[in-house]
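Here's the letter readout for the chains.
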Protein chains: 2
Amino acid sequence: MSTAEGQPLGESAGGHVDPRVRRTRRLLQQALLELLQEKSFADISIQDIAERATVNRTTFYAHFGDKYALADAVIHERFLEAVTSKLPATPGWQLESLRLLISAVFEFLGGLHEYCSPAGGQFDPLMERAVQQELARILLQWLRQAPASSSAHRWSSRPVPLETLAEVMSWAIFGCAAQWSKREEGKLTAGEMSELVLRILVEGTRRLVPGLEE
Amino acid sequence: MSTAEGQPLGESAGGHVDPRVRRTRRLLQQALLELLQEKSFADISIQDIAERATVNRTTFYAHFGDKYALADAVIHERFLEAVTSKLPATPGWQLESLRLLISAVFEFLGGLHEYCSPAGGQFDPLMERAVQQELARILLQWLRQAPASSSAHRWSSRPVPLETLAEVMSWAIFGCAAQWSKREEGKLTAGEMSELVLRILVEGTRRLVPGLEE
DNA sequence: AGCCTCCTGTTGCCTAGACAACAGAGAGGC
DNA sequence: GCCTCTCTGTTGTCTAGGCAACAGGAGGCT
């Protein structure tokens, strides 16, 4: 079973993972999500998680360094899953893809806050990091496949790296959605907010990476 | 891992079972229940079950001889669970316990029929056997603890074994509930049916095993 | 008939996971 | 102070479960 980090455990040949590993990961994630409905993240011990997952405490450490690493994985995977289920089969640098992506972020964060109990204040920053990272990864992927990506550098003497653009956009979307999701009163709907953010981003990127025109 | 039968697997010292075994059994049962909502019992292969449960096909055979054995275990356990959740903490040979037991049977069978898809016709007899067996076991346990059980033999020259009484009662309750659950039209409610069956049983056992008077 | 495909049981070898036992770090309690 | 909990990481040993490969059965197709 070895230590914890090093290599992912059970992943000898590319892509294929031992079903036991898949199962254990799934059980641990599910256990954490269940416990989050009952107590705050701070009050959840690794023993709690292992017990709920029908997994030995030692096994937990074989997969995750600590509960933060588990939470990180949970958010990454659930968010990715939530997003891809809403996106078209072949998303990319198009108005419709971006619209769906943004509204998926709003819905995910909105749902998350009513799902977990008091949220904890310890769980939030962790979750935020994971969502923003995943979001940036998706956007960068789209940007790299955008046909006009090479022309992005022409308008100005100093070219804008796509990595940076993805970062900026991801923070814009995510930050806005996170703040909105924590608001209690006078809240616009997720759809309304998404549309506003979308328009801003379309306007902001039209000279950098065209292709979003309606 | 050894063959299949012999001893329960993983149960070295009394009562304690390896968490992996508990988990695998649970996953296999859950998988069968899920699949039963999608196809009929006859259309479900062991491969289906193993795959859905994230368990190797070989592992299935380490726990259950075939899918019938699994279904048997599912019904036994789910029924027992459903019943004990409805009964008082210390049930026994009392009117209220019997009332709750009977209505639990009606509700369980009623729920089962709307849960599984076409039911299969192959699954039904199997399930029926398991429910009736569990029911008889519970009743016998109550009868044995009934204070007046020794007087049961006095009224007649030929004494009635409690085992037989439990059998008769279990079939009366179960058979009635099973037939009712398959009826489509002009169905009384589960509560009404339970009450009718209860009265009959109270009347029928008052001279054999008293103690049910209201 | 033959061939193909899918499912069933069963085998031996290898690994993920269970468990006990450890040392260490807090957090109270008195 | 010291003592008792509870939780954390880590180690070595043993076992449940994964996987490949087998032989055999039950359709279905031409």
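To be clear, the structure that these remarks concern was listed above.
Conventions and cut-offs
- Residues numbered from 1 in each chain as written.
- Chains lettered and ligands numbered in written order.
- Predicted model: local features only at pLDDT ≥ 70, side-chain atom pairs only at ≥ 80, totals over all residues.
- Heavy atoms only, no water.
- Helix = DSSP H or I, 4+ residues; strand = E, 2+ residues; numbered from the N terminus.
- Buried < 20%, exposed > 50% of the residue type's maximum accessible area, 1.4 Å probe, protein only.
- Contact = heavy atoms within 4.5 Å.
- Areas by Shrake-Rupley, 256 points an atom, 1.4 Å probe, with all protein chains shown as cover.
- Phe/Tyr/Trp six-rings, centres within 6.5 Å; stacked < 30°, edge-to-face > 60°.
- Lys NZ or Arg CZ within 6 Å of the ring centre and 35° of its normal.
- Buried area = accessible area lost by both parts, 1.4 Å probe.
- Polar contact = N/O pair within 3.5 Å; in protein donor to acceptor, adjacent residues only side chain to side chain.
- Nonpolar A, V, L, I, M, F, W, Y, C, P; charged D, E, K, R; others polar.
- Least-squares fit on C-alpha atoms with pLDDT ≥ 70 in both.
- 1 Å grid on protein atoms, 1.4 Å probe; cavity = no way out; pocket = protein on both sides within 12 Å on 5 of 7 lines; lining within 4 Å.
- Points joined across faces, edges and corners; volume = space filled by probe spheres on them.
- Axes fitted to C-alpha atoms, helices over the stretch in contact; angles between N-to-C directions.
- Parallel < 35°, antiparallel > 145°, perpendicular 65-115°, else oblique.
- Left-handed = near helix turned anticlockwise from the far one by under 90°.

(A) Representation of the overall build of chain A in the model. From N to C terminus, chain A includes 8 helices and 0 strands. Counting from the amino terminus, chain A carries its helices and strands in the arrangement α-α-α-α-α-α-α-α. Residues counted as buried form 45% of the 214 residues belonging to chain A. Of the contacts made within chain A by residues no fewer than 6 positions apart, 68% connect residues no fewer than 24 positions apart. In the structure as shown, chain A presents an accessible area of about 11500 Å², 52% of it carried by carbon and sulfur atoms.

(B) Fine view of the packing of aromatic side chains. Residue and element names in this part refer to chain A. A complete count under the given rule lists 12 aromatic pairs over all chains for this structure. Pairing W171 with F174 gives two aromatic rings, centres 5.7 Å apart and planes at 70°, and the pair type is edge-to-face. A residue pair is termed a helical-turn pair when its members lie 3 or 4 positions apart in one helix, as W171 and F174 do in helix α7 (residues 162-182) at 3 residues. Ring pairing ties together the aromatic residues F60, Y61 and F64, which thus form one cluster. A cation sits over an aromatic face here: K67 above F41, 4.8 Å from the ring centre.

(C) Region of interest: the interface of chain A and chain B. Of the residues lining the interface, 8 residues belong to chain A; the matching set on chain B comes to 8 residues. Of all residues in chain A, the largest losses of buried area upon contact with chain B belong to R23, L27 and T54 of chain A, amounting jointly to 74% of the total for that side. Summed over the shared surface of chain A and chain B, the number is 4 residue pairs in polar contact (both at pLDDT 80 or more). Tallied by class, residues from the side of chain A that touches chain B come to 4 nonpolar, 1 polar and 3 charged.

(D) Fine view of the relation of the copies chain A and chain B. With an RMSD of 0.1 Å, the fit of chain A onto chain B corresponds to turning through 180° and sliding 0.0 Å along the axis. With respect to symmetry, the two chain copies, as superposed, fit the operation of a two-fold axis. Interface overlap between copies: 100% of the residues of chain A at the interface are likewise at the interface in chain B, consistent with a symmetric, same-surface contact.

(E) Focus on the environment of R52 of chain A. All names here are of chain A. Within the secondary structure layout, R52 lies in helix α2 (residues 46-52). As a C-alpha pair, R52 and A31 span 21 residues in sequence and 5.6 Å in three-dimensional space. Residues in contact with R52, not counting those within four places in the same chain, are A31, E34, L35 and E38. Of the polar contacts made by the side chain of R52, one reaches the side chain of E34; its length is 2.9 Å.

(F) Inspection of unusual backbone geometry at higher detail. Positive phi values are uncommon outside glycine, yet T54 of chain A reaches one of about 55°. As for its position among the elements, T54 of chain A is in the loop between α2 and α3 (57-63).

(G) A look at the layout of surface pockets. The volume enclosed by the second largest pocket comes to roughly 300 Å³. Along the wall of the second largest pocket there are 15 residues; nearest its centre are R26 and L27 of chain A together with R26, L27 and Q30 of chain B. Elements supplying a minimum of two residues to the lining of the second largest pocket: α1 (19-36) of chain A together with α1 (19-36) of chain B. Residues belonging to the lining of the second largest pocket are distributed by class as follows: 6 nonpolar, 3 polar and 6 charged.

(H) Geometry of the packing of α1 of chain B against helix α4 (residues 67-86) of chain B. Residue and element names in this part refer to chain B. Between α1 and α4, the least distance of the axes is 10 Å, while the angle of their chain directions is 95°. As judged from the angle between their axes, α1 and α4 are roughly perpendicular. The segment α1 lies against α4, with L28, Q29, Q30, L32 and L33 engaging L70, A71, A73, V74, E77 and R78. Split into classes, the residues belonging to the contact of α1 with α4 amount to 7 nonpolar, 2 polar and 2 charged.

(I) Spotlight on the packing of helix α5 (residues 95-115) of chain B against helix α7 (residues 162-182) of chain B. All names here are of chain B. As a packed pair, α5 and α7 sit with axes 9 Å apart at the nearest point and diverge in direction by 35°. Between α5 and α7 lies a crossing whose hand is right-handed. Two secondary-structure elements touch here, α5 through L98, I102, V105, F106, L109, G110 and H113 and α7 through M169, I173, F174, C176, A177, A178, W180, S181 and K182. In terms of residue class, the contact of α5 with α7 is built from 12 nonpolar, 3 polar and 1 charged.

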